[in-house]
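Structural description and commentary
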Amino acid sequence: MLNHIDFIDSHTAGEPTRLIIAGGPDLGTGPLLERLARLRHHHDTVRRTVINEPRGSEVLVGALLCPPHDPSASAAVIFFNNVGYLGMCGHGTIGLIASLAFLGRITVGEHRIETPVGTITAHLNPDGSVTVANVASYRSARHVAVTLPDGRIIHGDVAWGGNWFFLCHDHGYDLQGDSIATLTIGANTIRHALVAQGITGVDNAEIDHIELFGQASPGADSRSFVLCPGNAYDRSPCGTGTSAKLACLADDGLLAPDAEWIQESIIGSRFQARYRRDAQGQIWPIITGRAYVTMVGQIMSNPDDPFVYGIPQ
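Numbers given for residues are sequential positions, taken from 1 along each chain in its written order. It should be noted that, the model being predicted, local features are given only for residues of pLDDT at least 70 and side-chain atom pairs only at 80 or more, the latter also being counted only at that level, while totals for whole chains, interfaces and linings use all residues. Values reported for side chains reflect all heavy atoms of the structure, with hydrogen atoms and water molecules removed beforehand.

To pair, rings of Phe, Tyr and Trp, with the six-membered ring standing in for Trp, must have centres within 6.5 Å; the planes then decide the type, stacked if under 30 degrees apart, edge-to-face if over 60, and tilted in the middle. A complete count under the given rule lists four aromatic pairs for this structure. On the basis of an interplanar angle of 55 degrees and a centroid distance of 5.5 Å, the ring pair of Trp160 and Trp164 is categorised as tilted. Since its relative accessible area comes to 17%, Trp160 is described here as buried. An angle of 20 degrees between the planes, with centres 5.8 Å apart, marks the rings of Phe225 and Tyr233 as stacked. Burial here depends on accessible area, computed with a 1.4 Å probe over protein chains only, as a share of the maximum for the residue type. Under 20% is buried, over 50% is exposed, and the range in between is partly exposed. For Phe225, a relative accessible area of 0% gives the class buried. You can call Tyr233 buried: its relative accessible area is 14%.

What follows is the structure, encoded as structure tokens:
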């Protein structure tokens, strides 16, 4: 018997999102973190089927659409990739909103979206772009020295933007599109060095995103290369990575609240970004980008298929 999962694909600034809209597992009710735990421990085959080859690829970010726990929310979503689950995904949220609009499930205006790291708001703008007000972001460590296997010492900030990032400027690489293979190896080396030297986020959280910065093209403030968990690079400027960057800029006094920051990706796509600061001094990033629906389809799962749950990673 063939089982199927209905999905809709989109890309946000070049980075793909695969949204499961029907046929996913029954995770019950309750807070989203509880449902994420059920998905991780009892239904991880769904993640592997949807994302891994031969039906997916390491580039894809998956999103499972769930009924919201909070009745004031428009939707709840759990993000995942080829190696596990993500707390928040900025480009994926933009893709989610564009996909729900394409399906006629939402209209122009503000929508509350539950994620595993908290409820965010996403505004579908009249021109089709999406503005995401992310979770509070912050820097936990500044100018951390990291020794690489070749003896070089680099420095970076550790910051939270919905995922944990190591943000580095003095890496020595040229951030150009023809250097992606070199950048991937270099960023992966940095990630392993963080683990080896015990450098973590708060509460020993793994820093699973590496963000390298370089000279931007005219009209942008910064260019980045982001290596995601699973060793795929982000084609978009990375919403949570941009949020982590804003937290560092705000902490250094280099960017005022509501001042615009244009973040450029390694492929040249861009997000518009700004932040607001609340009465307690917390930084709340606001990211605007655009997503395009690319495919609507069904994933077929045949129990006789030796790779029904994907090729192991």
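So, about unusual backbone geometry. Following Glu53, the chain continues into Pro54 via a peptide bond in cis, with omega recorded as 10 degrees. The residue Pro54 is located in the loop between α2 (44-51) and β3 (61-66) in this model. Of note in the backbone geometry, Ala13 takes a positive phi value of approximately 55 degrees without being a glycine. Numbering of helices and strands runs from the N terminus; a helix is a DSSP stretch of H or I covering at least four residues, while a strand is a stretch of E covering at least two. Its place among the elements puts Ala13 in the loop between β1 (3-12) and β2 (15-22).

To qualify as a nonpolar core, a set must consist of buried Ala, Val, Leu, Ile, Met, Phe, Trp, Tyr and Cys residues joined through side-chain atoms within 4.5 Å. Grouped together as the largest cluster of nonpolar side chains are 60 residues, with contacts concentrated most on Phe166, Leu212 and Phe225. When residues in this core are grouped by element, the largest group, six residues, is from helix α4 (residues 180-196). The contacts of Phe225, once residues within four sequence positions are left out, are Leu175, Ile180, Leu183, Thr184, Ala187, Ile210, Glu211, Leu212, Tyr233 and Ile266. By the convention used here, residues are in contact when the closest approach between their heavy atoms is within 4.5 Å.

A separate point is the side chain of Ser265. Summarising the element assignment, Ser265 is placed in the loop between β14 (261-264) and β15 (270-277). There is a polar contact of 3.0 Å between the side chain of Ser265 and the backbone oxygen of Arg235. Ignoring sequence-local partners within four residues, the contact set of Ser265 consists of Arg223, Ser224, Arg235, Ser236 and Pro237. Within 3.5 Å is the distance limit for a polar contact, defined as a pair of N or O atoms, with the added protein rule that one can donate a hydrogen and the other accept it, and that residues adjacent in sequence qualify only through two side-chain atoms.

Our focus in this paragraph is the environment of Gln197. By secondary structure assignment, the location of Gln197 is in the loop between α4 and β12 (209-214). C-alpha of Gln197 to C-alpha of Asp157: the two residues are 40 residues apart in sequence and 15 Å apart in space.

The next point concerns the environment of Ala136. Positionally, Ala136 belongs in the loop between β8 (130-133) and β9 (138-147). A sequence separation of 13 residues divides Ala136 from His123, and the C-alpha atoms of the two residues are 17 Å apart. In contact with Ala136, not counting residues within four places along its chain, are Trp160, Gln282, Ile283 and Trp284.

In this section: the pairing of β14. With burial as the criterion, each face of β14 is covered, one bearing Trp261 and Gln263 and the other bearing Ile262 and Glu264. A pair of strands counts as paired when DSSP detects no fewer than two bridges linking them. Pairing between strand β13 (residues 222-227) and β14: two bridges, direction parallel. In the strand pairing of β14, Ser222 is matched with Gln263. Handedness of a crossover is defined as follows: with both strands directed away from the viewer, a clockwise route from the first strand across the helix to the second makes it right-handed. For the handedness criterion, the β-α-β arrangement of β13, helix α5 (residues 239-251) and β14 is classed as right-handed. As paired elements, β14 and β15 share four bridges and run antiparallel to each other.

We now examine a nonpolar patch on the surface. Residues enter patches when their relative accessible area tops 30% and they take part in no salt bridge; the joining distance is 9 Å for like charges and 5 Å for the nonpolar side chains Val, Leu, Ile, Met, Phe, Trp and Tyr. Computed by Shrake-Rupley with a 1.4 Å probe, the accessible areas treat only the displayed protein chains as cover when residues are assessed. Between Lys or Arg on one side and Asp or Glu on the other, a salt bridge is scored when a side-chain nitrogen of the former is within 4 Å of a carboxyl oxygen of the latter. On the surface, a nonpolar cluster with roughly 270 Å² of combined accessible area is contributed by Phe102, Leu103 and Val296. Following the sequence through the fold, Leu103 ends up in the loop between α3 (90-102) and β6 (109-115).

As a further point, take α2. For α2, a buried count of six out of eight residues is recorded, marking the element as mostly surrounded by other parts of the structure. Every buried residue of α2 is listed here: Asp44, Val46, Arg47, Thr49, Val50 and Ile51.

Attention now goes to α4. Any helix carries an expected span of 1.5 Å times its number of residues minus one. Over its 17 residues, α4 runs 24 Å from end to end, which matches the ideal 24 Å to within 8%, given 1.5 Å per residue. Looking at α4, one finds that the buried residues are Ile180, Leu183, Thr184, Gly186, Ala187, Asn188, Ile190, Arg191, Ala193 and Leu194.

For the rest of this paragraph, the subject is the pairing of β12. The buried fraction of β12 is high, at five of six residues. As judged from the four bridges shared by strand β11 (residues 164-168) and β12, these two strands associate in the parallel manner. The partner of Cys168 across the bridge, within β12, is Leu212. Taken together, β11, α4 and β12 form a β-α-β motif whose crossover is right-handed. Pairing between β12 and β13: five bridges, direction antiparallel. Note that in β13 the partner of Gly214 across the bridge is Arg223.

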